[in-house]
Amino acid sequence: MRPVWLLLALWGAVHPMSWFLDWFGEHGFTLSGLIEAWHANAATSGLVWDLTISAVVLTLWIVVEGARTRHWRGLWAIPATFCIGVSCGLPLYLYLRRQD
């Protein structure tokens, strides 16, 4: 399964990032504009909050399991989660925690 987690992490990094790069190409590199677009309506605000809560839960899981098992390489998934997204951070964490 380990190669599958790595492929999903790469897909979770590249595919969403292509949409962000398209948006930045159209609107310029403005984080305030991006955040405003994330909250353009109730549906997008709901998705933003869903992903934010998921990122926090994933981070807590990584920290608690890392402290319990003393396998610290999983911590690399935290910046991946907040800088790229949950779609990259979760499969990256599953890849890093496996010993296969």
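Residues numbered from 1 in each chain as written. Predicted model: local features only at pLDDT ≥ 70, side-chain atom pairs only at ≥ 80, totals over all residues. Heavy atoms only, no water.

(A) The packing of helix α1 (residues 2-27) against helix α2 (residues 31-38), seen in detail. Where α1 meets α2, the closest approach of the two axes is 11 Å, and the angle between their N-to-C directions is 115°. As α1 packs across α2, the resulting crossing turns out to be right-handed. Together, F20, W23 and F24 of α1 and G33, L34, A37 and W38 of α2 make up the contact between the two elements. For the contact of α1 with α2, a count of residues per class yields six nonpolar, one polar and no charged. (Axes fitted to C-alpha atoms, helices over the stretch in contact; angles between N-to-C directions. Helix = DSSP H or I, 4+ residues; strand = E, 2+ residues; numbered from the N terminus. Left-handed = near helix turned anticlockwise from the far one by under 90°. Contact = heavy atoms within 4.5 Å. Nonpolar A, V, L, I, M, F, W, Y, C, P; charged D, E, K, R; others polar.)

(B) Just a nonpolar patch on the surface, in detail. Taken together, the side chains of M1, V4, L8 and W11 define a hydrophobic patch exposed on the protein surface, amounting to about 400 Å² of accessible area. Residue placement: W11 occurs in helix α1. Taking the relative accessible area as the measure of exposure, W11 reaches 55% and is therefore exposed. (Patch = residues over 30% accessible without salt bridge, like charges linked within 9 Å, V, L, I, M, F, W, Y side chains within 5 Å. Areas by Shrake-Rupley, 256 points an atom, 1.4 Å probe, with all protein chains shown as cover. Salt bridge = Lys/Arg side-chain N within 4 Å of Asp/Glu carboxyl O. Buried < 20%, exposed > 50% of the residue type's maximum accessible area, 1.4 Å probe, protein only.)

(C) Molecular detail of the side chain of E65. Relative to the elements of secondary structure, E65 occurs in helix α3 (residues 42-69). Excluding its chain neighbours within four sequence positions, the residues that come into contact with E65 are R70, Y93 and R97.

(D) Molecular detail of α1. Here α1 is 26 residues long and its end C-alpha atoms lie 38 Å apart, about the 38 Å a rise of 1.5 Å per residue gives. Of all the positions in α1, only R2, A9, G12, A13, W23 and F24 are classed as buried. Within two residues after α1, G28 carries a phi angle of roughly 80°, on the positive side. (Expected span 1.5 Å × (residues − 1).)

(E) Structural view of the packing of aromatic side chains. Throughout the structure, instances matching the rule amount to four aromatic pairs. With centroids separated by 5.6 Å and ring planes inclined at 75°, the aromatic side chains of W23 and F24 adopt a geometry described as edge-to-face. Ring plane angle 45° and centroid distance 4.7 Å describe the contact between F24 and F29, whose orientation is recorded as tilted. Through successive ring pairs, a cluster of aromatic residues spans W23, F24 and F29. (Phe/Tyr/Trp six-rings, centres within 6.5 Å; stacked < 30°, edge-to-face > 60°.)

(F) Fine view of the nonpolar core. If you look at the biggest cluster of nonpolar residues, it comprises twelve residues: A9, A13, L58, I62, A77, I78, A80, C88, L92, Y93, Y95 and L96. For this core, the secondary structure elements donating two or more residues are α1, α3, α4 (77-83) and α5 (86-97). Counting residues per element, this core draws most heavily on α5, which supplies five residues. Beyond its immediate sequence surroundings of up to four residues, L92 is in contact with A9, W76, A77 and A80. (Core = buried A, V, L, I, M, F, W, Y, C linked by side-chain atoms within 4.5 Å.)

(G) Quick peek at the pattern of salt bridges. A complete count under the given rule lists two salt bridges for this structure. A salt bridge links R68 to E65; the shortest N-O distance between them is 3.9 Å. Taken as a pair, R68 and E65 lie in helix α3 at a separation of three residues, close to a single helical turn. Using a relative accessible area of 11% as the deciding quantity, one classes E65 as buried. With its nearest N and O atoms 2.8 Å apart, the salt bridge here joins E65 to R97. Placement of E65 in helix α3 and of R97 in helix α5 is noted, with a sequence separation of 32 residues between them. You can call R97 partly exposed: its relative accessible area is 37%. The structure contains a network of salt bridges with shared partners spanning E65, R68 and R97.

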